[in-house]
Amino acid sequence: MISENEYRAQRIENLKALEKLGYEPFGSAFVRTGDISAIRALWTYPIEPATPEKPHPEGPAEPITVSAAGRMMACRNMGKTIFADLRDGNGRVQLFVNGKNMPEGAFDAFKLLDLGDHIGIKGDLFVTRTGELSIRVTNWTLLSKAIMQPPEKFHGLQDTEDRYRMRYLDLMSNQESRDRFNKRIAIVSEIRKYLEGLGYQEVETPMMQPHAGGAAARPFTTHYNALDCTMYMRIAPELYLKRLLVGGFDKVFELNRDFRNEGLDRTHNPEFTVLEIYEAYGDRTSMKNIIEGMIPHVCDKVLGTRKVKYGDGELDFTPPYREVSYHQLVKDKMGEDWFDLDAKAAYEKATAAGVDCDPNWSHLLITHEVYDKLIEKTLFQPTFVTRVPHEFVPLAKTCPDDPTLADVFEFVVAGKELCPGYTEQNNPFNQREAFAVQAGDEVEKIDEEFITALEYGMPPAGGLGLGIDRFVMMLTGTEVIRDVILFPQLKQR
RNA sequence: GGGGCGUUAGCUCAGUCGGUAGAGCACGUGACUUUUAAUCACGGGGUCCCGGGUUCGAACCCCGGACGCCUCACCA
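Residues numbered from 1 in each chain as written. Chains lettered and ligands numbered in written order. Predicted model: local features only at pLDDT ≥ 70, side-chain atom pairs only at ≥ 80, totals over all residues. Heavy atoms only, no water.

Draft legend 1. Structural detail: the sheet that holds strand β9 (residues 229-233). The sheet built from 3 strands is open, its strands ordered β7-β9-β8 with antiparallel pairing. Of all strands in the sheet, those with a lone pairing partner are β7 (208-209) and β8 (221-224), marking the two edges. By the bridge criterion, 4 bridges tie β8 to β9 in an arrangement that is antiparallel. Considered in β9, the bridge of His-223 is made with Thr-230. (Pairing = 2+ DSSP bridges. Helix = DSSP H or I, 4+ residues; strand = E, 2+ residues; numbered from the N terminus.)

Draft legend 2. Seen up close, the sheet that holds strand β1 (residues 65-77). Around the barrel, 5 strands lie side by side as β1-β2-β3-β5-β4; this closed barrel has mixed pairing. Here the average twist between neighbouring strands, direction ignored, is 55°. Bridge analysis of β1 against strand β4 (residues 118-127) gives 7 bridges, and the strand direction is antiparallel. Within the sheet, the bridge partner assigned to Ser-67 lies in β4 and is Lys-122. (Axes fitted to C-alpha atoms, helices over the stretch in contact; angles between N-to-C directions.)

Draft legend 3. Examining the protein's contact with RNA strand B more closely. Around RNA strand B lies a shell of 44 residues, among which Gln-10, Thr-130, Lys-153, Glu-161 and Gln-438 are the nearest. Sugar plus phosphate: this is where 55% of the atoms of RNA strand B within 4 Å of the protein reside. Within the side chain of Tyr-7, a nitrogen or oxygen atom sits 2.9 Å from a base nitrogen of RNA strand B. One of the backbone N or O atoms of Glu-152 is found 3.0 Å from a sugar or linking oxygen in RNA strand B. Contributing elements (two or more residues each) for the surface near RNA strand B: α1 (6-20), β1, β2 (81-88), β3 (91-98) and α4 (160-165). Looking at the surface near RNA strand B element by element, the count peaks at 4 residues for α4. Across the surface near RNA strand B, the residue classes tally to 12 nonpolar, 17 polar and 15 charged. (Near = heavy atom within 4 Å. Polar contact = N/O pair within 3.5 Å; in protein donor to acceptor, adjacent residues only side chain to side chain. Nonpolar A, V, L, I, M, F, W, Y, C, P; charged D, E, K, R; others polar.)

In structure tokens form, the structure reads like this:
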């Protein structure tokens, strides 16, 4: 996108003028004393305004000379003195620019700079009369000329579409956006550290797969020319991670992208980040322990608190989290006799409660609709929902005391499913049967090679899958997934 | 896919029963040696998202389209 406006033309004029004075408009590497926050830390004296009793703020006997680089984000020209704000990825500092401190011509050249330009400076730290740590510039150089104007300095970039399409402008001008992504990065980093501390190994498995397995979602399809075959972008890494359990990796995780060819709304992006964890010789309970250890760890390290404002409420991630069975939740809502009703009676009761369902549905489906529409969204504080009907989780084992229920939890936060955790199915006969039910007529969709792997013996295991984008949303109090993804999917213009 | 709302200067936003558009920031010129959303004076800057229609006249009303936002539906 090229915009031929007069501002751009002016900036190009300034670029040419600087070039004529010997400044390289798109300069080269610049050695800094450190980033701006490190430079600020070099000042160990008081930072306070001058007073009549103390007209000269305290400072060192010998000047602290520094080199700094950054983008000029504001400029207050007082005539013989210019105050400019220099910012880098970690902080900002004020520059005090006055011709008497600089070589001949450097001050006049400085006036040719525009907001958004990258410069490198050399100077001494001092505190201004109004009490701001600043750098008295003794020389400067141009590092990169900005031809386009940055967004408005006070309101930042507000247009939602531009913020997503030109994320760099959003990051440049909206501090809260930078903060949110810094938190996301820290959250992901702390998750890795926590799991590595527990002895887990991070692995990478195929994102292009011949069968899109491990979940039931529509995949993106592509064609691999060399082998002349159809490939699918993965919808889950699960079946490959389990192969690793067969192979002898006992504690593995993968933290990377899945792709699902489905709708796009405030909680769905077609590519999204998932953490999957598998522990040989573990089960649902060991997965629960990881959740109850990892989430407080991340909260403490990244947020410094376990309480987060979300919507109108406040989430409390202090463990232990509530654990309640699926059946109990349904009974609490629909009455103790709910599971004694036949499908017809259940249909009538559900309809009366405002749940839109079909009279031909089974009791199971009606119950699930009730859970989906009336119950899940009311579970605000972190909750493990256990003993879910087995039909909905074909990759899990059943409960030892009840073969109709899966030995799993659904970890629900703020009314949304954040993380399922399973006692994984390792019986190849049961797994094949569950796949067959799921596949229906489309038998070719079954990943036979995975079943074969199970036949070599997969240890009993626990597994879980945590939606990282949604997790970041909850920890940062964000309600739109696009605000936690640097480059969210948008329609092409 | 249905419904609602939005799109005006580089950015943030006003605006009008239908009479060819304004402010702040930014930009240009001038003043100013401790400012920090600097201040003061003057000035330049617009295909009012795109295409049709109604009208003497449309940024505004009508129809169609693009993109975005919200919402419902779909969705393991």
